[in-house]
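# Understanding the architecture of this molecule
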There are 2 protein chains.
Amino acid sequence: MKTRYRLSDVARLAEVSTATVSAVINRQVGRNIRVSPETEQRVWDAIARLGYVVNPAARTLASGKNRILGIFTYEPIFPFQNHDYFYPFLLGIEEEAEAQGYNLLLFTHVTDAHGKRSIYNEDTNLLYTADGSVLLGLNEDKEELRRLQEGGYPFVYVGRRDVPDASISFTAADYTGATARLVEMMFDQGHRKVIYVCLPRWIESNQDREDGLFRAYLQRGFPLPAEPVLRIPTEQITPEIVRDLLAQGVTGTVVENDELAQALLSSLNALGLSVPRDFSIALCGNPHHAWDNSPDWTMFTIPRREMGSHAVRFLVERLNNPVDTSPRSIYLPCTIVSGQTIAAPPGLKNL
Amino acid sequence: MKTRYRLSDVARLAEVSTATVSAVINRQVGRNIRVSPETEQRVWDAIARLGYVVNPAARTLASGKNRILGIFTYEPIFPFQNHDYFYPFLLGIEEEAEAQGYNLLLFTHVTDAHGKRSIYNEDTNLLYTADGSVLLGLNEDKEELRRLQEGGYPFVYVGRRDVPDASISFTAADYTGATARLVEMMFDQGHRKVIYVCLPRWIESNQDREDGLFRAYLQRGFPLPAEPVLRIPTEQITPEIVRDLLAQGVTGTVVENDELAQALLSSLNALGLSVPRDFSIALCGNPHHAWDNSPDWTMFTIPRREMGSHAVRFLVERLNNPVDTSPRSIYLPCTIVSGQTIAAPPGLKNL
DNA sequence: CTGAAAGCGCTTACAG
DNA sequence: CTGAAAGCGCTTACAG
């Protein structure tokens, strides 16, 4: 392996100072620094002759920047299961990074001593290799995010994240608006008791969808059901549960995910009922899986690609203007997909 | 944004030298360097108290390594079209990188002045940011690869690459063996005239598949047809072409890709013939697209994941042992998929 | 228009 | 067992 040439080698060969070489390779000539065309040509010749290539680490150390954006995910980034989940985000991130002239660093080596993926590993912030980072994943560690924000490190979360005692930048899907829209579609069909069914865990997107439900009731002035939200694990959805809902007069639901929706569907079928004839269901987001017996869901899709590209845009804005550290956020519109799973409630059809 | 603490700040607070702090955070204690347990504890306390995090750029500059592996692709890495193509490679690369404790740098910002993706941009080798790189893509620039190899930069190509005047490391699929296997399967059914149909372009994998065809003939001792390889653009495959093949006594083909195979199928159908009753076809690799009217191809699949992980393994071996710069290569076995597109040739069925 | 020099924050012989 | 210091290869005021 031959030794690499240094900038000073180029300077010596071209008979100029290192400052001049630096100015030439960084296209500073004509800006604050002046170099005569002949001198510049000598520098380029010397570079070509030696086959000189700049050392990015040294450049980074000296300038404090390296035009690298990190991608940190709280779940493995390229697993089989999450394949279709992460991909559209990455697509948007890559597109925008390329457009902005940044490379992407995938933080793959991030499991700590306990086997957990985390940003701080033995007090080392792994992300510092990159000028700024895009963060993704459902199982984030809020305390880490707070610490990261406090440390002044530039990052943007893909997906709304509520961090106690901190305000962070994020790009989110407008779950609230999209969910409200689905509920209103049911209202338009004559439904009056529509509830939200979700898993029993507090996450921001569930909060947002719940808010969407409430907003729809508020806007239409319909009375909110006594139990507007059903928090339940998928495996606990049974025909009895569904019979209970029907007894309460519920005629339709918006549902967090496809597993829950499929479970509801199965229970309805077990009772001899069908969707949307006897009950309406709409899905709040993209299905996670391909199902054999999946109906054509009425649902909305999450603008993943746009969430990714906007995250990069926020990050680059922040890096270009380090003075303004105020957090930024955006709610991107979801797309409603009109399927075959909502219709007028059965009571109305009897009229 | 508060200023970050430096290693020297930790040293001052712990009342030790920077060398000691460096030894502690790099786990050198107990190896060549000795630090008393009390001193070490003081260092860790100081680190915790300041919230010190190491600066990777400085570390890289000083040590010459950064435990980052690059991924360079000659096509955009996350486009819609190549989604399913690149993904399995990335999966294997990520798995192995994680296992080996390396992060991955995706070189996204690599288009030169002419809009072409290239490693050398204005005489700068973009890859030098990473300790070593995995290269992928069909449209590689051999001259660049030669230059890269000559420069001593550690890299591994995913897919066999023949570079004039250079010998590079790669991980390949055993196209030759798998193609020979398909041809022999046809021989076993009674075929004697099986040809290879491919696009009219020279690429390594076509060379390998062709070799597979020849190998099968050689092993069985059957005479090679006068025109054993048909090089033809997809759109030029017509019923006339196929009628010609049949007239030559060809009863089956192994085919480069699914587009060609589908075109053959259409032409056969247009002649009132069907597969595999009248003609056998086997596919040499994974289909690129999902087709509406695709038969259940007899084919082989390319071990993409393994190709990716082996590339990382080669790279890490090279980095761990910089003295041995000899190129490494491996041919990984493909998996034969028994479909419904080969059968005994029609002549035999009449007996 | 150009150069000498400090500094970025680490690692690593080397000296003691 | 620990410290002083050179060096990694750049950038960037600053001086002229």
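Computed from a prediction, not measured in an experiment: that's the story for all the values here. (Residues numbered from 1 in each chain as written. Chains lettered and ligands numbered in written order. Predicted model: local features only at pLDDT ≥ 70, side-chain atom pairs only at ≥ 80, totals over all residues. Heavy atoms only, no water.)

### Focus: the side chain of Glu-204 of chain A
Residues and elements named next belong to chain A. Within the secondary structure layout, Glu-204 lies in helix H8 (residues 204-220). Given the relative accessible area of 3%, Glu-204 is considered buried. One polar contact links the side chain of Glu-204 to the main-chain amide nitrogen of Asp-162, over a distance of 2.8 Å. Apart from residues lying up to four places away in sequence, Glu-204 is in contact with Glu-140, Lys-142, Arg-160, Arg-161 and Asp-162. (Helix = DSSP H or I, 4+ residues; strand = E, 2+ residues; numbered from the N terminus. Buried < 20%, exposed > 50% of the residue type's maximum accessible area, 1.4 Å probe, protein only. Polar contact = N/O pair within 3.5 Å; in protein donor to acceptor, adjacent residues only side chain to side chain. Contact = heavy atoms within 4.5 Å.)

### Section: the protein's contact with DNA strand C
Neighbouring DNA strand C are 25 residues; Ser-17 of chain A together with Leu-7, Ser-22, Asn-26 and Tyr-52 of chain B lie closest to it. Those atoms of DNA strand C that come within 4 Å of the protein belong to sugar or phosphate at a rate of 71%. At 3.5 Å, a backbone N or O of Ala-62 of chain A approaches a base oxygen of DNA strand C. Here a phosphate oxygen of DNA strand C sits 3.5 Å away from a polar atom, N or O, in the main chain of Asn-55 of chain B. Sorting the residues of the surface near DNA strand C by element identifies helix H2 (18-25) and helix H4 (56-63) of chain A together with helix H2 (18-25) and helix H4 (56-63) of chain B as the ones contributing at least two each. Top element by residues in the surface near DNA strand C is H4 of chain B. It accounts for four residues. Here the residues of the surface near DNA strand C are counted per class, giving 13 nonpolar, eight polar and four charged. (Near = heavy atom within 4 Å. Nonpolar A, V, L, I, M, F, W, Y, C, P; charged D, E, K, R; others polar.)

### Some words on the interface of chain A and chain B
As a measure of interface size, the accessible area lost when the parts come together is often cited. Taken residue by residue, the interface counts 51 residues in chain A and 51 residues in chain B. At the boundary of chain A with chain B, total buried surface from both sides reaches about 4,700 Å², with 62% on carbon and sulfur atoms. In this assembly, chain A and chain B are joined by two salt bridges. Between Arg-117 of chain B and Glu-98 of chain A there is a salt bridge, with its nearest N and O atoms 3.7 Å apart. One can count six residue pairs in polar contact (both at pLDDT 80 or more) joining chain A with chain B. Going through the elements one at a time, helix H3 (37-50), H4, helix H5 (83-100), strand S2 (103-106), strand S4 (124-125) and helix H11 (304-320) of chain A are the ones with two or more residues in the side of chain A that touches chain B. (Buried area = accessible area lost by both parts, 1.4 Å probe. Salt bridge = Lys/Arg side-chain N within 4 Å of Asp/Glu carboxyl O.)

### Description of the protein's contact with DNA strand D
Not every one of the 25 residues close to DNA strand D is listed here, only the nearest: Leu-7, Ser-22, Asn-26 and Tyr-52 of chain A together with Ser-17 of chain B. When the atoms of DNA strand D within 4 Å of the protein are sorted by group, sugar and phosphate make up 71%. Note that a base nitrogen of DNA strand D is positioned 3.5 Å from one of the backbone N or O atoms of Ala-58 of chain A. Ser-36 of chain B has a polar backbone atom sitting 3.1 Å from a phosphate oxygen of DNA strand D. Taken together, the elements giving at least two residues each to the surface near DNA strand D come down to H2 and H4 of chain A together with H2 and H4 of chain B. In terms of residue count, H4 of chain A provides more of the surface near DNA strand D than any other element does, four residues in total.

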